[in-house]
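The lines below spell out each chain.
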Amino acid sequence: NTDVFHSTYFNIPNAVRNHEIPCVLTHHDLIPIKFPQFYEYKKRIGFQRIIESISEKDVVVCSSSRTRTDLLDHCSWIRESNVLVAPLGVESSFSPVDDCAAGRQRLQDRYGIPKDTPYVLTLGTSEPRKNLTNSLVAFSRLSSRMEKRAITLVISGPSGWLNRETDELVEE
């Protein structure tokens, strides 16, 4: 008695196809296909299965116009009229704060970020597709140009894969 099946990431299961249930798939990007060198083999194969599970009848909701274009370029069987763009929203808890200084102070205390120096914050998994290595090189150049003025780099995020070079740069 299912009216619609909505997949927010995974492929459309055969059990859903066998019952001819209308399907919607939310899609964020085609990076594993466009830049396979940034993904492990298993993840690329899993992503390809998601793409291959889309039928010409399905509706695909893309989080950006770029994703929509990439998807239509890569998947000739998908009807253009069935691919919609719905930008991601932001939860109301992520809104400007009334007392920004107090919030910044709490974060600096909690994570040991120096209080009277500017800092650069990078967020993301340490893996090739996030390009943290180039961020570290850029930060090094920036800090060397600032002469006597101190600047801090704050790195936040989980460790990923193929990140030995990045980890070595962080240690420097």
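## Points about the overall build of the chain
- Helix and strand content of the chain: seven helices and six strands.
- Start at the N end of the chain and walk to the C end: the helices and strands fall as β-α-β-α-α-β-α-β-α-β-α-β-α.
- With the C-alpha coordinates aligned to their principal axes, the bounding extent of the chain is approximately 65 × 40 × 25 Å.
- Expressed as a percentage of its 172 residues, the buried residues of the chain come to 27%.

## Side note on the side chain of aspartate 58
- Within the secondary structure layout, aspartate 58 lies in the loop between α3 (41–52) and β3 (59–62).
- A distance of 2.5 Å separates the side chain of aspartate 58 from the side chain of arginine 17, its partner in a polar contact.
- If we skip the residues at most four places from it in the chain, aspartate 58 touches Ile12, Arg17, Cys23, Ser53 and Asn82.

## A short note on a negative patch on the surface
- Together, Glu165, Asp167, Glu168, Glu171 and Glu172 line one region of the surface with negative charge.
- Topologically, glutamate 165 is positioned in helix α7 (residues 164–171).

About the cut-offs
- Residues numbered from 1 in each chain as written.
- Predicted model: local features only at pLDDT ≥ 70, side-chain atom pairs only at ≥ 80, totals over all residues.
- Heavy atoms only, no water.
- Helix = DSSP H or I, 4+ residues; strand = E, 2+ residues; numbered from the N terminus.
- Buried < 20%, exposed > 50% of the residue type's maximum accessible area, 1.4 Å probe, protein only.
- Polar contact = N/O pair within 3.5 Å; in protein donor to acceptor, adjacent residues only side chain to side chain.
- Contact = heavy atoms within 4.5 Å.
- Patch = residues over 30% accessible without salt bridge, like charges linked within 9 Å, V, L, I, M, F, W, Y side chains within 5 Å.
- Areas by Shrake-Rupley, 256 points an atom, 1.4 Å probe, with all protein chains shown as cover.
- Salt bridge = Lys/Arg side-chain N within 4 Å of Asp/Glu carboxyl O.
- Lys, Arg positive; Asp, Glu negative; His and termini not counted.
- Charge placed at Lys NZ, Arg CZ, Asp CG, Glu CD.

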